[in-house]
Amino acid sequence: MAGELIGSILSLIVLVGLGTAGVLTVLIWKKNRVARVTFLRFVIQAVGLAALFFLFSLEPSIPLLYVLITWFTVTLFLGRFFCGWICPFAFIMDIESLIRKTLKIRHRLLPDKLNIALHKGRYLILAVFLLLPLALWLLNPPPNTASAVMMAQLLAGPFRPYSIIIDPLIPFVVPWTGQLVLGSVNLSYPYIGNILTFVEATPGQIFAVVFVAVTLIGAFFVRRVWCRFCPAGASIAALNKFKAFKGVPLLYIEKDEEKCPKCGVCKRVCPVQVNDVYEQKGGKIGTSQCMLCARCVEMCPYEDTLKIKFGNKPVFKSRNWLESSIVNEERKIE
Amino acid sequence: MNKNETVERRYLPEISRKEIDELKNTVKVSSQKIIADNIERMKKADPHRPDAMKYFDDIANLFGRRQQEIQAEKEKGKKVIGYLCLFAPTELISAADAIPIRVNSGWYDTSKLGDRVVPVEVCPVIRSTIGAKMIELSPFLEQSDALISVLTCDGMTKLSEILSDQKTIWGMNVPRIKDSTQSLRFWSDEIRHMKTQIETFTGNKITRNSLKEAITVSHRATKVFRRLQELRKGNPVIMGRDAMLVNQAYTWDDKKRWTEKTEALCDELEKRVQQKDWVCNSDTPRVMLTGTPMFWPDSWKLPTLVEEGNPQGIIVADEQCSGERILSDPIGVDEWSMDDMLNAISERYLMASTCPCFTSKDGNEDRINWLLNKVKEWNVQGVIYYVIRGCMLYAMEYSRVKKALDKINVPVYYLDTEYTREDVGQLKTRVEAFMELLNARVDF
Amino acid sequence: MITIGMDLGTQKVKAVALKDGAVVGRGQSFAGFDPAQAAEHAVNDALNVAGLKLSDINHFTATGSAMDLAPHTNSTVSMMGADAKAGVFLIPQARTIIDVGAEEARAVKCDERGLMMEFVVNERCAAGAGAFIEAMARALEVNLEDMGPLSLQAERASPINASCVIFGESDVVSLIHRQESKPEIARAVFDAMADRVTSMVHRLGITPEVVLIGGVAKDPGFVASLNRKLGLMVQIPVYPDYVGALGAALTAAARAKGAFK
């Protein structure tokens, strides 16, 4: 038992080391300025995925409540950085986009109105999924009614209301119970657990398969389709909007209005079709749709126009990416 | 052209071949003299002029080397597609293996001929282009097999009609409200339509690879252009007129060669920066030009006055569609799919432009912001707002620009002129008074 | 220190001799076809008045539209710069200086040191300048000097077009045909001119005190019209037509000291 734990921790350390090495490699070798951040993000996502995989396969398993608390604490500081850079579900979608890009297939855009409707609708989804377990539980109360135990049962019981919030964290293949079994492979996939909890066995399985298929195919053609109405993202957004936490230094994007000729690149490259970076007059970009993936900052061709800042310190600035090697290399070819 | 001569002319007057030839010769000779004179004065102004400028002096001769090159390419079967506004997607033209070339006219003499067709109140650029067409003066206009005319200002809109007498004209309808989704959708449809038109006309399909190649060529040009821009931010290492000529030559030169030569120029200038070899005193007032385009060769009138005046000024930046606006924005391609490339092209030409023909809910705020940014980045001490009479759009935006520049305490002078050489004396008084004003501000 | 400032205007050439910050001599002559010769005359006149010789002069500065032709010059200064300098020298509170000459009208905004901050010049047409009055006087068949007093007798003004001297003249003719009285037409002429000058000054923004200089400032009719249009009383120095030359002389003095480029 203890040996296994140590073994897992060791592999975790190895993984983190590998990840760091990957980041360094990217920084050193990938001189292409228009893709450097994207590659860095891939590395971090991969490391994150592996880390979560180990975290969830630990024996004895870490209580999910701790994960939840840790996640919320980090979120307080980083905002939706989590969505942009770590979330494994988003990682699947990014990999799909990468495949699509390689195949030179065009992506589709959701109509702006739908996008905004989804963006608003995610709070509703969040609310429903948080309240539904409570309602079910009230309809069918457990025998023991001591309040502390009640609470614990509510949180850890079969309905696991918090899982709606952390489900995107679930790596694809973890030895969890109640997951989707295809053939002999025990697949884990975000939200499948919830679906299977709420819906009867066979229809639940069918529904789960449909859900997986729709999200996978959708994400192939529409970049980060799930992120637009992800209830987990909504919970982070709601947390960051909460007044009590306003004083906490946050990661955010800032725009210099004077340097921006509004060329529209930021709007087009945004994987979740956020218009605010383009439309806002300058200063701090205040939208809970943005996942801080920094693609706009990376692609902005005007020096220092867009910045990612943590507190008051700029972390990453837009640059004249024409200096990138993509331009130089092709020159050599001629 | 011969087949068109039988077509009824709806706009242009009938002129006898003899008159055409006579006028063409006269204007051509005087124009060549002006080109030579301009270059001579540029050389004199900077005795230690970069060697790399020799190439641009050569290419600046509109009736010289480049004309012959294009002729040779044409004989090999290449098509030449001219354009009148910077909104024309030159990458699409290059991708279809045709030569893009800008055909706006900078000849003062031909504007008088244009008076035969349109009233004098009309913008001189338009009149001059009409006049150049009448006497078949402009080599590039004559060589172009088709013209892309972007309906930006009123003058351009009607100019395309008038030229349609003798040319194949493709109009591109540019939306006047820049930052709305429907405008962009409309414009990107226009771009896609233009792509089909170019493909049909040239018989070459624009493939993903050829378009990528064309975009990369543009990227390289923008890159080196930005390098030159950076060099102009510090102590003056190149005369403003030289840099302006380099920028403008891009519109008629071969893009790859232009990039190479400009790179050579930048290399040379960078060396000079290290040696602290400046073209003028570091306290010379730094001037930015904005407003109506200044087309080579005759419109060099004003920059010459600024840089040869007493007191002298130095042009460190401009915000004109004949200058820095040509290349300042790269095409930001996200994914190299055909669709995204076309979207990127549409956005770059529509949304990044700071042409005063646009408006939005904040007016043309982009241009104001861009100007303020340039003033700060290039340490501009004074702005000359150049307007040729007849250019409504620039003239009407002046009051807003002035207010914005007043706020950051940078003097701006509204200078209006015509396509004429006679007012040089009067302009000189005004320009020199403005330079004196700038100098006085520096002194105290 | 003795300096001379020359103002080579389109109609007259003026010269001012300045000794240690005080004007010691003035001279003027008609520009004619040879402004250089005229400048020579003006300078000689000024020197004679001051009782000085050409060799006594430390620095010559020229201004005006023909400044490049001026003899003896050590340096030149723009008309606007000279106006601002001399305007503030004569009336220290002056911040807006309107110079209406024969062929050109201009307005200069300046600071308390006499440095110009901003300027505007009238458009190419001389309708806002002295030549307009001259042409109108011809049309009315009165002497140029009588135009001003004549206009002051008028009780109301008839509107005329002042966008162009030629059109203005034909407007005057039509007023004559309508049998308007001469004083009223004269006032209309000044009003039209003042209108043009006012709109020009408005582009600059009016900062009191407003000073009117140039040859036209000597015309009481124009001054009355301009005051009415601007809604304030403009100040006029004693020799309004010499202000440009004085500005040049002041600049010369500063340059001779090496304080000002």
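Residues numbered from 1 in each chain as written. Chains lettered and ligands numbered in written order. Predicted model: local features only at pLDDT ≥ 70, side-chain atom pairs only at ≥ 80, totals over all residues.

Quick look at the overall build of chain B
Phase 1 of the analysis: What chain B contains, in helices and strands, is 18 helices and 8 strands.
Phase 2 of the analysis: Across its three principal directions, the C-alpha atoms of chain B cover 65 × 55 × 45 Å.
Phase 3 of the analysis: Expressed as a percentage of the 444 residues in chain B, the buried residues total 57%.
Phase 4 of the analysis: A separation threshold of at least 6 residues defines the contact pool for chain B, and within that pool the share at least 24 residues apart is 75%. (Helix = DSSP H or I, 4+ residues; strand = E, 2+ residues; numbered from the N terminus. Buried ≥ 20, exposed ≤ 12 C-beta atoms within 10 Å, placed from the backbone. Contact = placed C-beta atoms within 7 Å.)

A look at the nonpolar core
All names here are of chain C.
Phase 1 of the analysis: With 286 residues, the main nonpolar core has I4, M6, V16 and V189 as its most contacted residues.
Phase 2 of the analysis: Take this core: its biggest share by element is 10 residues, from helix 6 (residues 182-204).
Phase 3 of the analysis: Apart from the residues lying within four places of it in its own chain, the contact partners of I4 are A15, V16, A17, V43, A46, I57, F60, A249 and A252. (Core = buried A, V, L, I, M, F, W, Y, C linked by C-beta atoms within 7 Å.)

Description of the interface of chain B and chain C
Phase 1 of the analysis: Taken together, the contact pairs 12 residues of chain B with 14 residues of chain C.
Phase 2 of the analysis: Grouping the amino acids of the side of chain B that touches chain C by side-chain chemistry returns 5 nonpolar, 3 polar and 4 charged. (Nonpolar A, V, L, I, M, F, W, Y, C, P; charged D, E, K, R; others polar.)

A few points about helix 16 (residues 365-377) of chain B
Phase 1 of the analysis: Look at helix 16 of chain B: 18 Å from first C-alpha to last across 13 residues, which is about the 18 Å you get at 1.5 Å a residue.
Phase 2 of the analysis: The inward-facing, buried residues of helix 16 of chain B contact strand 5 (286-291), strand 6 (314-319), strand 7 (382-388) and helix 17 (392-407) of chain B. (Expected span 1.5 Å × (residues − 1).)

Let's talk about the interface of chain A and chain B
Phase 1 of the analysis: Chain A puts 24 residues into the contact, and the matching count from chain B is 29 residues.
Phase 2 of the analysis: If you list the elements that add at least two residues to the side of chain A that touches chain B, you get helix 12 (265-269) and helix 15 (325-333) of chain A.
Phase 3 of the analysis: For the side of chain A that touches chain B, a count of residues per class yields 10 nonpolar, 2 polar and 12 charged.

Quick notes on the packing of helix 11 (residues 208-233) of chain B against helix 13 (residues 255-275) of chain B
The axes of two packed helices give the description: the angle between them and the distance between them.
Residue and element names in this part refer to chain B.
Phase 1 of the analysis: Contact geometry for helix 11 and helix 13: axes closest at 9 Å, N-to-C directions at 25°. In terms of axis orientation, helix 11 runs roughly parallel to helix 13. Between helix 11 and helix 13 the crossing geometry is left-handed. Seen from helix 11, the contacting residues are V217, R220, A221, V224, R227, L228 and L231; seen from helix 13, they are K255, K256, W258, T259, T262, E263, C266, L269, E270 and V273.
Phase 2 of the analysis: Considered class by class, the residues forming the contact of helix 11 with helix 13 number 9 nonpolar, 2 polar and 6 charged. (Axes fitted to C-alpha atoms, helices over the stretch in contact; angles between N-to-C directions. Parallel < 35°, antiparallel > 145°, perpendicular 65-115°, else oblique. Left-handed = near helix turned anticlockwise from the far one by under 90°.)

Remarks on the environment of P119(B)
Phase 1 of the analysis: As for its position among the elements, P119(B) is in the loop between helix 6 (108-114) and helix 7 (124-134).
Phase 2 of the analysis: Considered as a pair, P119(B) and S353(B) are 234 residues apart in the sequence and their alpha carbons are 29 Å apart.

Points about the sheet that holds strand 6 (residues 313-317) of chain A
Residues and elements named next belong to chain A.
Phase 1 of the analysis: Spatial ordering of the open sheet is given by 4-3-5-6, a layout of 4 strands whose pairing is antiparallel. The two strands at the open ends of the sheet, each matched to only one other strand, are strand 4 (283-284) and strand 6.
Phase 2 of the analysis: As paired elements, strand 3 (residues 251-255) and strand 5 (residues 306-310) share 5 bridges and run antiparallel to each other. Within strand 5, the residue paired with Y252 across the bridge is K309. (Pairing = 2+ DSSP bridges.)

A short note on the domain arrangement of chain A
Residues and elements named next belong to chain A.
Phase 1 of the analysis: Here chain A is described as being made up of domain 1 (63-247) and domain 2 (249-325).
Phase 2 of the analysis: Contact residues are listed per partner, giving 19 residues for domain 1 and 12 residues for domain 2.
Phase 3 of the analysis: Secondary structure elements with two or more residues in the side of domain 1 that touches domain 2: helix 3 (64-78), helix 4 (81-85), helix 6 (112-139) and helix 11 (231-241).
Phase 4 of the analysis: The element that contributes the greatest number of residues to the side of domain 1 that touches domain 2 is helix 4, accounting for 4 residues.
Phase 5 of the analysis: Here the residues of the side of domain 1 that touches domain 2 are counted per class, giving 9 nonpolar, 5 polar and 5 charged. (Domains from an automatic or database assignment.)

Notes on unusual backbone geometry
Phase 1 of the analysis: The omega torsion of the bond from W296(B) to P297(B) falls at 0°, within 30 degrees of zero and hence cis.
Phase 2 of the analysis: With respect to the element layout, P297(B) can be found in the loop between strand 5 and helix 14 (301-308).
Phase 3 of the analysis: Looking along the chain, the bond that leaves N310(B) and enters P311(B) is cis, with omega of 0°.
Phase 4 of the analysis: Position of P311(B) relative to the elements: it lies in the loop between helix 14 and strand 6.
Phase 5 of the analysis: Its identity is not glycine, yet K262(A) carries a phi of approximately 55°, on the positive side.
Phase 6 of the analysis: Of note, K262(A) is situated in the loop between strand 3 and helix 12.
Phase 7 of the analysis: Positioned with a positive phi, N409(B) is a non-glycine residue whose angle comes to about 60°.
Phase 8 of the analysis: Looking at the element boundaries, N409(B) is found in the loop between helix 17 and strand 8 (412-417).

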